[in-house]
Amino acid sequence: MKFSDVIGQEDVKERLRQMVAEERVPHAMMLCGPRGCGKMAMAMAFASYLLCAEKTGGDSCGACPQCAMTARLAHPDLHFSYPVIRPAGTGSEHKMSSDDFIDEWRGMLSHGPYFTMDKWLDEMGAANQQALIGVGESDLLLKALSLKSSQGGYKVSIIWLPERMNAECANKMLKLLEEPPHRTVFIMVCEEPEKLIDTIRSRAQRIDMRRISEEDICEALVSRRGIDADAARRIAHSAGGSWLGALEELDAEGEKRQFLDMFISLMRLAYMRKIKDLRKWSESAAALGREKQRRMLEYFMRLVRENFVYNFHNPQLCYMTRDEENFARNFAPYINEANVIEMAGLMNRAMRDIGQNANAKIVFFDMATNIIVSLIRK
């Protein structure tokens, strides 16, 4: 992975290059930003840059032995930590770690560094389990980083979603960050950095990545995916600064289409006050995995916002696909100043309850029935 492979984010690339040039690379950093902005891609590109023996033109060369090992995800001085589930057939005494799913991880990364938690859960066969980083991971990392660099340079630890560390793991990781091994760089890739304990956040340099510009997404769609320029511009606009969003637009039959159908069904049933059908809808939503439920609720909140903004009749403010806009033409007036905050609040509360392992059927049915009341305030 090279800087040139990362879509957009030129300001962050230049900042990272400058750190290396001035020999002031922090021992720990946090790459933060919204979903699909390329945090993991940037982390891998920076790791390659640090480990490369023959940097060229402000990027890793892609040809030296170091780059070859990094490209195969087999560099002995590059370590990955990530949330995992309990492997099938193991008991409570087993300390879960990244080693349990290393083959699945490498297989997923071989298809590119832009992916979601849902994708990773599918790779692990997680079903309804939630992925966490446990104390087994901190023990594994401590052992690996205590060894000298095999190539005589940096050792790099990329930690994907460190906010999913449990308390015991976080405390051990804190000690590792307080006394880092020689020439070791920790790159934490965060989506919800506020969930990290304050003492870890205070020991890492935070770098915020913005949403990718429409121009960069459009150019990538044309050059990497062979999309027609006009179609690429529309997709780039509706993607909302997310490369993952752009890829989802290309897959009309994918998850986003499913979420839109669920949203349309929910709003129609709530408008018609069909309580029995809303109960069936809630059961269908509850059958999804918890991570997918959270993703769906995030999508619902975005659509509530987009339908509210649609009422202002300013296309530049709206980021909807053609199918979403077709529904909004008739539905948007039902999302207004009287209920937009309440509607978003209901979905946000449902997402919080799902994250706390509440009964999903009850959570979704409660949200659905309250939406009936909100829609009355049209």
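Residues numbered from 1 in each chain as written. Predicted model: local features only at pLDDT ≥ 70, side-chain atom pairs only at ≥ 80, totals over all residues. Heavy atoms only, no water.

S.K.: Quick rundown of the overall build of the protein chain? Include the residues and the values.
M.R.: The secondary structure content of the protein chain amounts to 17 helices and five strands. A compact globule built from 378 residues should have a C-alpha radius of gyration of about 21 Å, and the protein chain, at 22 Å, falls within 12% of that. Its C-alpha atoms put the protein chain at 70 × 50 × 35 Å along the principal axes. Buried residues in the protein chain amount to 52% of all 378 residues. The contacts in the protein chain between residues at least 6 apart in sequence include a share of 73% that link residues at least 24 apart. The positive charge centre, built from 51 side chains, and the negative charge centre, built from 52, are 3 Å apart in the protein chain. (Helix = DSSP H or I, 4+ residues; strand = E, 2+ residues; numbered from the N terminus. Rg over C-alpha atoms; globule rule 2.2 N^0.38 Å. Buried < 20%, exposed > 50% of the residue type's maximum accessible area, 1.4 Å probe, protein only. Contact = heavy atoms within 4.5 Å. Lys, Arg positive; Asp, Glu negative; His and termini not counted. Charge placed at Lys NZ, Arg CZ, Asp CG, Glu CD.)

S.K.: Tell me about the sheet that holds strand E5 (residues 205-208), residues and numbers included.
M.R.: Taken together, five strands build an open sheet; the order of strands is E2-E3-E4-E1-E5 and the sheet is parallel. Of all strands in the sheet, those bounded by a partner on one side alone are strand E2 (78-81) and E5. Ignoring strand direction, the axes of neighbouring strands in this sheet form an average angle of 20 degrees. As defined by bridge partners, E2 adjoins strand E3 (residues 155-160) across four bridges and the pair is classed as parallel. The residue bridging serine 81 from the neighbouring strand is isoleucine 159, located in E3. (Pairing = 2+ DSSP bridges. Axes fitted to C-alpha atoms, helices over the stretch in contact; angles between N-to-C directions.)

S.K.: Residues and numbers for the side chain of glutamine 9, please.
M.R.: With respect to the helices and strands, glutamine 9 occurs in the segment before helix H1 (10-21). According to the relative accessible area criterion, glutamine 9 is buried, its value standing at 7%. For glutamine 9, the side chain forms a polar contact with the main-chain oxygen of cysteine 37, separated by 3.2 Å. (Polar contact = N/O pair within 3.5 Å; in protein donor to acceptor, adjacent residues only side chain to side chain.)

S.K.: So what's going on with the nonpolar core? Which residues, and what values?
M.R.: Counting residues in hydrophobic clusters, the biggest one holds 64 residues, and the most contacted among them are Phe80, Trp105, Trp120, Ile158 and Trp160. In this structure, Ile264, Met267, Ala350 and Phe364 belong to the second largest nonpolar core, which totals 46 residues. (Core = buried A, V, L, I, M, F, W, Y, C linked by side-chain atoms within 4.5 Å.)

S.K.: Describe helix H13 (residues 275-286), and please don't skip the residues or the numbers.
M.R.: A rise of 1.5 Å per residue sets the reference length of H13, with its 12 residues, at 16 Å; its end C-alpha atoms lie 16 Å apart and thus fit the reference within 8%. All of the buried residues along H13 are Leu278, Trp281, Ser282, Ala285 and Ala286. Buried residues of H13 fall within an arc of 135 degrees about the axis and therefore sit on the same side. Facing away from the buried surface of H13 by more than 90 degrees, the exposed residues are Lys276, Arg279 and Lys280. (Expected span 1.5 Å × (residues − 1). Arc of directions from axis to C-beta.)

S.K.: Could you give an account of helix H9 (residues 214-225), naming the residues involved and the relevant values?
M.R.: Compared with the 16 Å implied by 1.5 Å per residue over 12 residues, the 15 Å span of H9 between its first and last C-alpha is a close match. All of the buried residues along H9 are Ile217, Cys218, Ala220 and Leu221. What you see down the axis of H9 is that its buried residues fit within an arc of 165 degrees, all on one side. Backbone geometry just after H9 places glycine 226 at a positive phi near 65 degrees.

S.K.: Go over the environment of aspartate 353 with me, naming the residues and quoting the values.
M.R.: Summarising the element assignment, aspartate 353 is placed in helix H16 (residues 340-355). With sequence-adjacent residues up to four places away left out, aspartate 353 is seen in contact with Ala358 and Val363.

S.K.: Could you give an account of the environment of arginine 106, naming the residues involved and the relevant values?
M.R.: Among the structural elements, arginine 106 can be located in helix H4 (residues 102-109). Considered as a pair, arginine 106 and alanine 74 are 32 residues apart in the sequence and their alpha carbons are 9.2 Å apart. One polar contact links the side chain of arginine 106 to the main-chain carbonyl oxygen of leucine 73, over a distance of 3.3 Å.

S.K.: Mind laying out unusual backbone geometry, listing which residues take part and the relevant values?
M.R.: Backbone geometry places glutamine 9, a non-glycine residue, at a positive phi of 60 degrees. Phi at glutamate 23 takes a positive value of approximately 55 degrees, unusual for a residue other than glycine. Tracing the sequence through the fold places glutamate 23 in the loop between H1 and strand E1 (28-32). The class of glutamate 23 is exposed, set by a relative accessible area of 73%.

S.K.: A description of the packing of H1 against helix H2 (residues 39-51) should follow, citing residues and the corresponding values.
M.R.: Running from N to C, H1 and H2 point in directions that differ by 25 degrees, and their axes come no closer than 11 Å. With respect to their mutual orientation, H1 and H2 come out roughly parallel. Crossing of H1 against H2: the hand is right-handed. Judged by residue contacts, Val12, Lys13, Leu16, Arg17 and Val20 of H1 engage Met42, Phe46, Tyr49 and Leu50 from H2. A class-by-class count of the residues in the contact of H1 with H2 yields seven nonpolar, no polar and two charged. (Parallel < 35°, antiparallel > 145°, perpendicular 65-115°, else oblique. Left-handed = near helix turned anticlockwise from the far one by under 90°. Nonpolar A, V, L, I, M, F, W, Y, C, P; charged D, E, K, R; others polar.)

S.K.: Tell me about a negative patch on the surface, and please be specific about residues and values.
M.R.: A contiguous patch of negative charge on the surface is contributed by Glu214, Glu215, Asp216 and Glu219. Note that aspartate 216 resides in helix H9. Classification of aspartate 216 as partly exposed rests on a relative accessible area of 30%. (Patch = residues over 30% accessible without salt bridge, like charges linked within 9 Å, V, L, I, M, F, W, Y side chains within 5 Å. Areas by Shrake-Rupley, 256 points an atom, 1.4 Å probe, with all protein chains shown as cover. Salt bridge = Lys/Arg side-chain N within 4 Å of Asp/Glu carboxyl O.)

S.K.: Outline the packing of helix H14 (residues 290-310) against H16, listing residues and values.
M.R.: The N-to-C vectors of H14 and H16 enclose an angle of 170 degrees; their axes lie 9 Å apart at closest approach. Between H14 and H16, the interaxial angle falls into the category roughly antiparallel. Residues Arg290, Gln293, Arg294, Leu297, Glu298, Phe300, Met301, Val304 and Phe308 of H14 form the contact with H16, whose own contacting residues are Val340, Met343, Ala344, Met347, Asn348, Ala350, Met351 and Ile354. Classifying every residue of the contact of H14 with H16 gives 12 nonpolar, two polar and three charged.

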